[in-house]
Number of protein chains: 2
Amino acid sequence: MKESWSAFDTFEPHFRPLVIIELAKDTKEETKEWLTQRIVDKKKNGGAQLLVKPLVKEDGGKIDGNQNLYLVGASHLRLLLGAETVGLVKECNDNSMRTFTYSSRNTFKDFAEDNHDFLTMAERQYIIKHELENLRAKDERMIPGYPQAKLYPGKSIMRRLMTSGILLQIFPLHDTEELKKLWYTWCGQVKISYQPLDEIRCYFGETIALYFGFLEYFTFALVPMALIGIPYYVFAWEDYDKYVMFASFNLLWSTVILEVWKRCCAIMTYKWGTLLMKRQFEEPRPGFHGVLGINPVTGREEPVYSSIKRQIRIYLVSLPFVCLCLYFSLYVMMIYFELETWALDFHEENESYFSKLMLFLPSIIYAIVIEMMNRVYRYAAEFLTSWENHRLESSHQNHLILKVLVFNFLNCFASLFYIAFVLFDMKLLRQSLATLLITSQILNQFVEALLPYWLQKRHNKKVKKRVYSIKVDTDLSLFEQVNLEKEMGTYLGTFDDYLELFLQFGYVSLFSCVYPLAAVFAVLNNITEMYFDALKMCRVFKRPFSQPTANIGVWQLAFETMSVISVVTNCALIGLSPQVNALFPDSKTDLILIVVLAEHILLALKFVMAFVIPDKPRDIQIKLARLEFESLEALKQQQMKLAAESLKEETHGKKKMN
Amino acid sequence: MKESWSAFDTFEPHFRPLVIIELAKDTKEETKEWLTQRIVDKKKNGGAQLLVKPLVKEDGGKIDGNQNLYLVGASHLRLLLGAETVGLVKECNDNSMRTFTYSSRNTFKDFAEDNHDFLTMAERQYIIKHELENLRAKDERMIPGYPQAKLYPGKSIMRRLMTSGILLQIFPLHDTEELKKLWYTWCGQVKISYQPLDEIRCYFGETIALYFGFLEYFTFALVPMALIGIPYYVFAWEDYDKYVMFASFNLLWSTVILEVWKRCCAIMTYKWGTLLMKRQFEEPRPGFHGVLGINPVTGREEPVYSSIKRQIRIYLVSLPFVCLCLYFSLYVMMIYFELETWALDFHEENESYFSKLMLFLPSIIYAIVIEMMNRVYRYAAEFLTSWENHRLESSHQNHLILKVLVFNFLNCFASLFYIAFVLFDMKLLRQSLATLLITSQILNQFVEALLPYWLQKRHNKKVKKRVYSIKVDTDLSLFEQVNLEKEMGTYLGTFDDYLELFLQFGYVSLFSCVYPLAAVFAVLNNITEMYFDALKMCRVFKRPFSQPTANIGVWQLAFETMSVISVVTNCALIGLSPQVNALFPDSKTDLILIVVLAEHILLALKFVMAFVIPDKPRDIQIKLARLEFESLEALKQQQMKLAAESLKEETHGKKKMN
């Protein structure tokens, strides 16, 4: 295997593995050799120019388990050049943020030729992932050893290996030292403190740090609501004017926090450099298929799929299917309410211990059915979205999120809407809301973090035992670490975490004037949530690749939509309350008109506020404007020089002609 | 004056005057000489390197009138280099749009070294204006001859001359031949045809062409509404369901047309190159003042003004003032309605010819008062916005538009709202709507185009007489043309034209279910409006400078807001109609709830539609993506070359070390 080693590792005495590549057990030698060759090959030969090393030398004898594991690393210089390729933005000596270029490396803060920590580990791993994904077929028509795995020039090799089942996974390695430090600052101390967002970002990357930033921000933002909500519970306030005040405060407050979040987000991502990072050209997602054609944007040969066909699939299949599911979910809800009344009647007729137990039956059945529907629907949504065949991962994600969001919204809130606006039973509404909120919070934390943590721990012990039984002539701790991590679950992204917060926001804001205590529970939940999410990230899952991001994307829109809906529901609830009805004993019409008017004014206020509050703080705006100005000035200087030269030449030429 | 001539005009036998500079009568010789010197000076010496020529040679003897007129032109080469500086986007040979650069000039369509029509005249004038405005002070501390007119390095000379009253005006010259041709294709034929938008754009620039494009689009978009509206009038339909249908159609249609306009606008501005044009760094507007400080963006010394002070002025002075004006306007309206009832009573008591005349009096008085208020308010708004001291012209314009828009909206529609929702008098509403719409349309076209045209014609005759009485040894036709044009009125931008369309859109959509015929009148008006606006542009006003623009800016938002408001008003009107009320004889509550529900559904539909319809057509999206991809690829190639070199060097260095 000597030839598969890079020419560089002789110069790099401290080869530091950053990323692990796991190939299938039965991968052919020929394929392995070709792949490692392509990875270490020079850039100019179309390689990635990285360092690669098998985890176990082949002469170490036969070992059980799949041992087609490769460690990938890169020289310091290679990483710096890669940082330029991915367009990393770093802080300069003058505290401004600039796109890193190798030639201007000395103007960057903390840069020194021997400072290997200039790039965070998350950034280094991101660069390697980017370089591996951009390893493209040259003249190969197929993967060597696998004639059925076709390639065409420009096709990403890693993606084809993945879809052909040869490549099992690529994942970044944990840094045990760093992880320990991070865990200590994050959750090591018992005292409540801000989360170490910068450290999280250095270790896990921007997407995850931004999620924790949002979680923290959202929790702080809920505190005023919770504080105002407590006296309502303590003193059992039931006055009309107090509820109206609380609801109005809530509605305006939720607008303010969502707008201010954009500013906080801009501050954070500016500091992290992702606000300025140029969007890379997006590759087709791995699952995308189509007939080979010419991409109109790149002019390259690649699979193309008609946009009209996709539109037809979306509007004629997915949309009706989603509507059907929503209808079905509503139907199930109606059955639940019928069962509920039936159980109540049964209990009243023959009161017994058994009938009392029967009272709980409908709720339990409904909860189980909802959970099942959620899971089945999630699969269906994933299948449909894949079948829609979106070219870009981002558009795939957006369509998936939209589908899941709508269904979850209905499942969680339909029964509450029914109780509020069909049954008009505010007592029951409050009770259901409390039950739903609290049980879902407890269940979530258990299913999402504690249970996997416990399973993981048990599994780790097994793996360790197996590892110790094998004798290999490799650094044992690294060998153990890789084997432990490769079997860990994969973190599937922040989707479920955001969804949880989104539904929580719904519980807090949709019916806030009925149950002011919801905010208190949300705050309490979020404090433990931070801990459990940290546990999940550090102990349960494989380390995820860092993902630069400048905002929370479609979730911002989802939260804003929820806050608009909550204006409507809160106004309607206030209009329904008996206290308000008592104020208009003669004319219900006047009452409704006033409520509708108030609703419209609140909605208008929301839009004006969203318009007036700038999305970026002034100093960030100035910094961005300065960067734009500088690049314009540089361009102008260049043009002026060119112009002066051209004019001079022309004058010269004409003079000669005269 | 020999030395004030550019070194180039010896090479440019056909000096073509493009722009006129008019200085004050008593401008000192020293200042004139300095200015012309700066204009012709080489770029590298900080000049504009343009050609300049006094309209009348000084030895032509004493002439009456102000004759400090200078013709400014530029060599073909200079204009091409200027096109690069302003970032003009032109069509390439492969039909793609690219930013023009002098070095790549041969790849552009229709480019030839001797084709002086490669740049349209509007573009050439825009370039000269840009170059003149960017003529900046070097080490001058003041304008020579005017010690009180301070300068500082980097200050735009033309702006200081303007604010000191030395420079009276800069305006582009008409091209009589081109203008005749344009007028013929525009309005010469009697047949109704599309407007020659590309020709308008070549002559007047993008802002004005886009206005005419919008006018045309809007007229076509109104045709379906008008066609559906006619049978309501002809057959005197008064059925509930027909009105509801018309209103629903109207509301969804108005959303569709506003969304589709964005697409049409993108198609047009892509073809014109302005969609791709990079925003230039905006200079402070001429009226901006402040203490000399360091601009945080540019790092240059220039007047700065605290943003907090401006916010205080906006929110603590302007906002209350506008609210007060709105209140006052409502108050005047109430007086009008009182006068109206008083006149009616008077007429009923003592019926006579005089009392019949008295019936019209309140309307006449109200119309006059409204017109006066409008004018006074316009001055106040302009004063306040200037006093707010916005740094940028765009932000100044936005604040001015917002102020004027709100007031005009109230003035035009408050009485209609009052009639509809306080008096509940649908007959009167229809009558008032018709009167207001038709009179405002007729008056507008008269005041805006016909009257100025007539005045201008009379004035032209006078000027011609005076010109012929003077004997000068200059090209008489040019002399006459300049003298005619310099006295023409200045076109103050598209603000009033858009405002007229905006109010018209209000008349058509706000109460569409009461008066379906409004769309018919709007269509008729717009057809003549096109003619009168063309007349105004070609015959009445000085030629305006071209202004590259990619969209109709804040007006898009204004029209969208109007369409949201019209959902609310139409739903309310339908709810008020006796036919609908007859359907719910027992319960008004149900009626209101259903109307409110329908309104919310319509609003939600509008937002979903606005979200689903893409702002740019697919082919434009692809073209934009292709450009972005190409620039990313170019960058990557460059980086890869650099990377390969750096790696090679390092390998080399290390090998040597070994």
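Residues numbered from 1 in each chain as written. Chains lettered and ligands numbered in written order. Predicted model: local features only at pLDDT ≥ 70, side-chain atom pairs only at ≥ 80, totals over all residues. Heavy atoms only, no water.

Participant: Describe the overall build of chain A, and please don't skip the residues or the numbers.
Facilitator: The helix and strand tally for chain A stands at 19 helices and 10 strands. With the C-alpha coordinates aligned to their principal axes, the bounding extent of chain A is approximately 95 × 85 × 55 Å. Of the contacts formed within chain A by residues at least 6 apart in sequence, a portion of 73% connects residues at least 24 apart. Working note: accessible area of chain A is about 32,400 Å², and carbon and sulfur atoms make up 63% of it. For chain A, the distance from the average position of its 73 positive side-chain charges to the average position of its 73 negative side-chain charges is 6 Å. (Helix = DSSP H or I, 4+ residues; strand = E, 2+ residues; numbered from the N terminus. Contact = heavy atoms within 4.5 Å. Areas by Shrake-Rupley, 256 points an atom, 1.4 Å probe, with all protein chains shown as cover. Lys, Arg positive; Asp, Glu negative; His and termini not counted. Charge placed at Lys NZ, Arg CZ, Asp CG, Glu CD.)

Participant: So what's going on with the pairing of strand β3 (residues 69-73) of chain A? Residues and values would help.
Facilitator: Residue and element names in this part refer to chain A. In terms of burial, β3 is a largely internal element, five of the five residues being buried. Here β3 shows a buried face lined by L69, L71 and G73 and a second buried face lined by Y70 and V72. Bridge count for strand β1 (residues 19-23) against β3 is four bridges, and the pairing is antiparallel. From the neighbouring strand, E22 faces β3, where its bridge partner is L69. Direction of pairing for strand β2 (residues 51-54) relative to β3: antiparallel, over a ladder of four bridges. If you follow L51 over to β3, its bridge partner there is G73. (Buried < 20%, exposed > 50% of the residue type's maximum accessible area, 1.4 Å probe, protein only. Pairing = 2+ DSSP bridges.)

Participant: Let's hear about the sheet that holds β1 of chain A: which residues, and what values?
Facilitator: All names here are of chain A. On the basis of which strands lie adjacent, the open sheet formed by four strands has the order β2-β3-β1-β8 and antiparallel pairing. A strand with exactly one partner marks an edge of an open sheet, and here the two such strands are β2 and β8 (167-172). Direction aside, neighbouring strands of the sheet carry axes that sit 20° apart on average. Sheet strands in contact with helix α3 (residues 121-133) are β1, β3 and β8, and its direction is about 40° off that of β1. (Axes fitted to C-alpha atoms, helices over the stretch in contact; angles between N-to-C directions.)

Participant: How would you sum up a nonpolar patch on the surface? Please name residues and give values.
Facilitator: On the surface, I308, I312, Y315, L316, V317, L319, F383, W387 and L557 of chain A together with V608, F611 and V612 of chain B cluster together to form a nonpolar patch covering roughly 1,200 Å² of accessible area. At the level of secondary structure, the elements contributing two or more residues to the nonpolar patch comprise α9 (307-349) and α10 (353-388) of chain A together with α18 (588-612) of chain B. At six residues, the largest contribution of residues to the nonpolar patch is made by α9 of chain A. Looking at the secondary structure, you find L316 of chain A in helix α9. (Patch = residues over 30% accessible without salt bridge, like charges linked within 9 Å, V, L, I, M, F, W, Y side chains within 5 Å. Salt bridge = Lys/Arg side-chain N within 4 Å of Asp/Glu carboxyl O.)

Participant: Tell me about the packing of helix α14 (residues 495-510) of chain B against helix α15 (residues 518-540) of chain B, and name the residues and values.
Facilitator: Residues and elements named next belong to chain B. Relative orientation of the contacting elements α14 and α15 amounts to 170°, with a least axis distance of 10 Å. Here α15 runs roughly antiparallel to α14, going by the angle between their axes. On the side of α14, the interface is formed by D497, E500, L501, Q504, Y507 and V508, while α15 contributes A518, A519, A522, N525, N526, E529, D533 and K536. (Parallel < 35°, antiparallel > 145°, perpendicular 65-115°, else oblique.)

Participant: Describe in detail the packing of aromatic side chains, supporting the description with residues and values.
Facilitator: Residues and elements named next belong to chain A. As enumerated under the stated definition, the model contains 77 aromatic pairs over all chains in all. Between the aromatic rings of W186 and F204, the centroid separation amounts to 6.5 Å while the plane-to-plane angle is 50°, which identifies the pairing as tilted. Note that W186 is positioned in helix α5 (residues 176-188) and F204 in helix α6 (residues 197-204), a separation of 18 residues in sequence. By the burial criterion, W186 is buried, and F204 matches it. The ring of W183 has R539 lying over it, and the distance from NZ or CZ to the ring centre is 4.5 Å. (Phe/Tyr/Trp six-rings, centres within 6.5 Å; stacked < 30°, edge-to-face > 60°. Lys NZ or Arg CZ within 6 Å of the ring centre and 35° of its normal.)

Participant: Requested: an account of the confidence of the model for chain A, with residues and values cited.
Facilitator: Residues and elements named next belong to chain A. Residue-level pLDDT values for chain A average 84, and 91% of them are 70 or greater. Here residues 1-11 is modelled with pLDDT under 50, and outside its nearest four sequence neighbours on either side it reaches 22 contacts, counting other chains as well. Within the model, pLDDT remains below 50 along residues 58-62, and this stretch shows five contacts once partners closer than five positions in the same chain are excluded. Interface confidence for the predicted complex, expressed as ipTM, amounts to 0.84; the pTM equals 0.88. (pLDDT = per-residue confidence, 0-100.)

Participant: Describe in detail the environment of K150 of chain A, supporting the description with residues and values.
Facilitator: Residues and elements named next belong to chain A. Along the chain, K150 turns up in strand β7 (residues 146-150). Contacts of K150, omitting those with residues within four sequence positions, involve R141, M142 and R160. In terms of polar contacts, K150 uses its side chain to reach the backbone carbonyl oxygen of P147, at 3.5 Å. (Polar contact = N/O pair within 3.5 Å; in protein donor to acceptor, adjacent residues only side chain to side chain.)

Participant: Can you lay out a positive patch on the surface for me, pointing to particular residues and giving the numbers?
Facilitator: Residues and elements named next belong to chain A. Together, K457, K461, K465 and R539 give the surface a local cluster of positive charge. Considering each element in turn, the positive patch owes the most residues, three residues, to helix α12 (residues 426-469). Here K461 lies in helix α12.

Participant: Can you break down the side chain of K606 of chain B residue by residue, with the values?
Facilitator: Residues and elements named next belong to chain B. Secondary-structure assignment places K606 in helix α18. Looking at K606, its side chain comes within polar contact range of the side chain of S563, at 2.8 Å. If near-sequence neighbours (up to four positions away) are discounted, K606 is found in contact with L251, S254, T255, S563, V564 and V567.

Participant: So, a negative patch on the surface: which residues are in play, and what are the values?
Facilitator: Residues D345, E348, E349 and E351 of chain A make up a contiguous surface patch of negative charge. Structurally, the position occupied by E351 of chain A is in the loop between α9 and α10.

Participant: If you had to explain the domain arrangement of chain A to someone new, which residues and values would you point to?
Facilitator: Residue and element names in this part refer to chain A. For chain A, the assigned domains read domain 1 (19-173), domain 2 (184-305 + 389-616) and domain 3 (617-657). Placing the centre of domain 2 and that of domain 3 at their C-alpha centroids yields a distance of 47 Å. With nine residues of domain 2 at the contact, the number on the domain 3 side is seven residues. Buried area between domain 2 and domain 3, both sides added, is near 670 Å², and the carbon and sulfur share of it is 80%. Counting the contacts that link domain 2 with domain 3 gives zero salt bridges. Applying the counting rule to domain 2 against domain 3 returns one residue pair in polar contact (both at pLDDT 80 or more). When grouped by side-chain class, the residues that make up the side of domain 2 that touches domain 3 number six nonpolar, no polar and three charged. (Domains from an automatic or database assignment. Buried area = accessible area lost by both parts, 1.4 Å probe. Nonpolar A, V, L, I, M, F, W, Y, C, P; charged D, E, K, R; others polar.)

Participant: I'd love a proper account of the pattern of salt bridges, names of residues and values included.
Facilitator: A complete count under the given rule lists 54 salt bridges over all chains for this structure. For E123 of chain B, the salt bridge identified is with K90 of chain B, shortest N-O distance 3.0 Å. Linking E123 of chain B in helix α3 (residues 121-133) with K90 of chain B in strand β4 (residues 89-91), this pair joins segments that are 33 residues apart in sequence. Of the charged contacts, one joins E113 of chain B and R105 of chain B as a salt bridge, the two residues approaching to 2.8 Å between their closest N and O atoms. Given the relative accessible area of 44%, E113 of chain B is considered partly exposed. A network of salt bridges, in which partner residues are shared, links K90, E123, R201 and E206 of chain A.

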